[in-house]
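Coordinates in review
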Amino acid sequence: MKILLSDAGKRYNREWIFRHLTYEFEQAQAYAITGNNGSGKSTLLQIISGAVQHSEGTIQYHEDDLIAADVQHRFAAMAAPYLELPEEMTLTEFLTFHQSFKAFLPGLTVKTIIALLGLERAAAKQIRYFSSGMKQRVKLAQAILSDVPVVLLDEPCTNLDADGISLYHRLINEYCAERLVIVSSNDEVEYKFCNHKISIMDYKE
Ligand SMILES: Nc1ncnc2c1ncn2[C@@H]1O[C@H](COP(=O)(O)OP(=O)(O)OP(=O)(O)O)[C@@H](O)[C@H]1O
């Protein structure tokens, strides 16, 4: 799996958020997108995920051949503070539902994932009653444990306590070595495992 950005740019109204971004993301590598608040890190990650449309240039996913733009989303999973969980579902219902359209990594079941997250006692609780840190653990699990080659993480340690941060590092170490991981963050705790760093500030006009 490769993601190729060629002369990519994004403009909101008259303001270019970034421009002339040419970059190759490769399998089994981890990338950090860094930059000041409001510089465009989340925007770039959402463009890579396909959730936001870029204004110029191209974003291509390749796996042997070029992957059509309308099916790129099948190859990536994302966790972000602004992506909501279905509040009315219980944790078990949500993970079962998720699995019906995006399988989890081989060997993982809804039950083992709940145990991995340390959320056994909340398995039958509606997500609306979860704390912000509990929700963040669930978001990380659905992104990192989905059976997809590309994992996109926006501010992955938002709302996590020390145990939650250890869980995050454990999930990365155990499940991400062979995948293409991109983290958008300003906090080294979130991206210290990344072996490539992209500063969005280098792609301002
Ligand atoms: N839908 C939108 N319409 C107009 N402007 C937007 C929109 N979304 C984001 N922006 C602007 O794009 C810029 C980049 O925002 P973005 O959220 O990508 O920054 P960021 O680097 O992730 O910030 P932070 O570190 O605070 O999370 C900001 O100036 C923001 O106001």
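Quick caveat: nothing in here was measured; it's all calculated off a predicted structure.

Observations regarding the overall build of the protein chain
A count of helices and strands for the protein chain gives 6 helices and 9 strands. Scaling as 2.2 N^0.38, a compact globule of 205 residues should have a C-alpha radius of gyration of about 17 Å, and the protein chain matches this with 17 Å. Projected onto the principal axes, the alpha-carbon positions of the protein chain cover approximately 50 × 35 × 30 Å. The burial tally for the protein chain puts 36% of its 205 residues in the buried class. Sequence separation of at least 24 residues holds for 73% of the intrachain contacts in the protein chain that already meet a minimum separation of 6.

Remarks on the site of the ligand
For the ligand, the full set of nearby residues is Tyr12, Ile17, Gly35, Asn37, Gly38, Ser39, Gly40, Lys41, Ser42, Thr43 and Asn186. At 3 residues, helix H1 (residues 41-49) tops the list of elements feeding residues into the shell around the ligand.

Side note on the nonpolar core
Judged by nonpolar contacts, the single largest core of 53 residues is most densely connected at Tyr31, Ile33, Ala143, Val151, Leu152 and Ile182. Considering each element in turn, this core owes the most residues, 6 residues, to helix H4 (residues 132-144). The residues touching Leu152, leaving out its near neighbours within four places in the chain, are Leu45, Ile48, Ser49, Ala76, Met78 and Ile182.

A word on the packing of helix H2 (residues 91-101) against helix H3 (residues 110-117)
How two helices pack is summed up by the angle between their axes together with the distance between the axes. Between H2 and H3, whose axes approach to 10 Å, the crossing angle comes to 125°. Comparing the axis directions of H2 and H3 gives the class oblique. Seen from above, H2 lies across H3 with right-handed handedness. Seen from H2, the contacting residues are Leu91, Thr92, Leu95, Thr96 and Gln99; seen from H3, they are Val110, Ile113 and Ile114. A per-class count over the contact of H2 with H3 returns 5 nonpolar, 3 polar and no charged.

Re the sheet that holds strand E2 (residues 15-26)
As summarised here, the arrangement of the 4 strands in space is E2-E1-E4-E5, forming an open sheet in which the pairing is antiparallel. Edge positions in the sheet fall to E2 and strand E5 (65-67), since each of these pairs with one other strand and no more. Between one strand axis and the next, the sheet turns through 30° on average, direction left out of account. As paired elements, strand E4 (residues 56-63) and E5 share 3 bridges and run antiparallel to each other. If you follow Glu63 over to E5, its bridge partner there is Asp65.

Things to note about the confidence of the model for the protein chain
Do not read the fine detail of predicted coordinates wherever pLDDT is low. A residue-level look at the protein chain finds 100% of positions with pLDDT of 70 or above and a mean pLDDT of 96. Interface confidence for the predicted complex, given as ipTM, is 0.97, next to a pTM of 0.97.

Observations concerning helix H5 (residues 162-175)
Helix length check: H5, at 14 residues, gives a terminal C-alpha distance of 20 Å against a target of 20 Å (1.5 Å per residue), a fit within 8%. Turning to H5, its buried residues number three or more, namely Leu167, Tyr168, Leu171 and Ile172. One side of H5 holds all its buried residues, which, seen down the axis, span an arc of 135°. In H5, the exposed positions that point more than 90 degrees away from the buried face belong to Ala162, Asp163, Ser166, Arg170, Asn173 and Glu174. If you follow the buried residues of H5, they end up packed against H4.

Some points on the pairing of strand E6 (residues 76-79)
Side chains of E6 alternate between two faces, with Ala76 and Met78 and Ala77 and Ala79 buried alike. Pairing analysis gives 4 bridges linking E6 to strand E7 (residues 150-154), with the strands arranged parallel. Bridge pairing in E7 places Ala77 opposite Val151.

Looking at H4
For H4, which comprises 13 residues, the first-to-last C-alpha distance of 18 Å matches the rise-based estimate of 18 Å (1.5 Å per residue) to within 8%. Extensive coverage of H4 is indicated by the burial of 10 of its 13 residues. For H4, the set of buried residues is Met134, Gln136, Arg137, Val138, Lys139, Leu140, Ala141, Gln142, Ala143 and Ile144. In this fold, the buried residues of H4 make contact with E6, H2, H3, E7 and H5.

A short note on the pairing of E4
Across 6 bridges, strand E1 (residues 2-12) lies against E4 in antiparallel orientation. Bridge assignment links Leu5 to a residue of E4, and that residue is Ile59. Hairpin connection of E4 to E5: 1 residue between the antiparallel strands, including Asp64 at a positive phi of 65°.

Criteria and cut-off values
Residues numbered from 1 in each chain as written. Predicted model: local features only at pLDDT ≥ 70, side-chain atom pairs only at ≥ 80, totals over all residues. Helix = DSSP H or I, 4+ residues; strand = E, 2+ residues; numbered from the N terminus. Rg over C-alpha atoms; globule rule 2.2 N^0.38 Å. Buried ≥ 20, exposed ≤ 12 C-beta atoms within 10 Å, placed from the backbone. Contact = placed C-beta atoms within 7 Å. Near = placed C-beta within 6 Å. Core = buried A, V, L, I, M, F, W, Y, C linked by C-beta atoms within 7 Å. Axes fitted to C-alpha atoms, helices over the stretch in contact; angles between N-to-C directions. Parallel < 35°, antiparallel > 145°, perpendicular 65-115°, else oblique. Left-handed = near helix turned anticlockwise from the far one by under 90°. Nonpolar A, V, L, I, M, F, W, Y, C, P; charged D, E, K, R; others polar. Pairing = 2+ DSSP bridges. pLDDT = per-residue confidence, 0-100. Expected span 1.5 Å × (residues − 1). Arc of directions from axis to C-beta.

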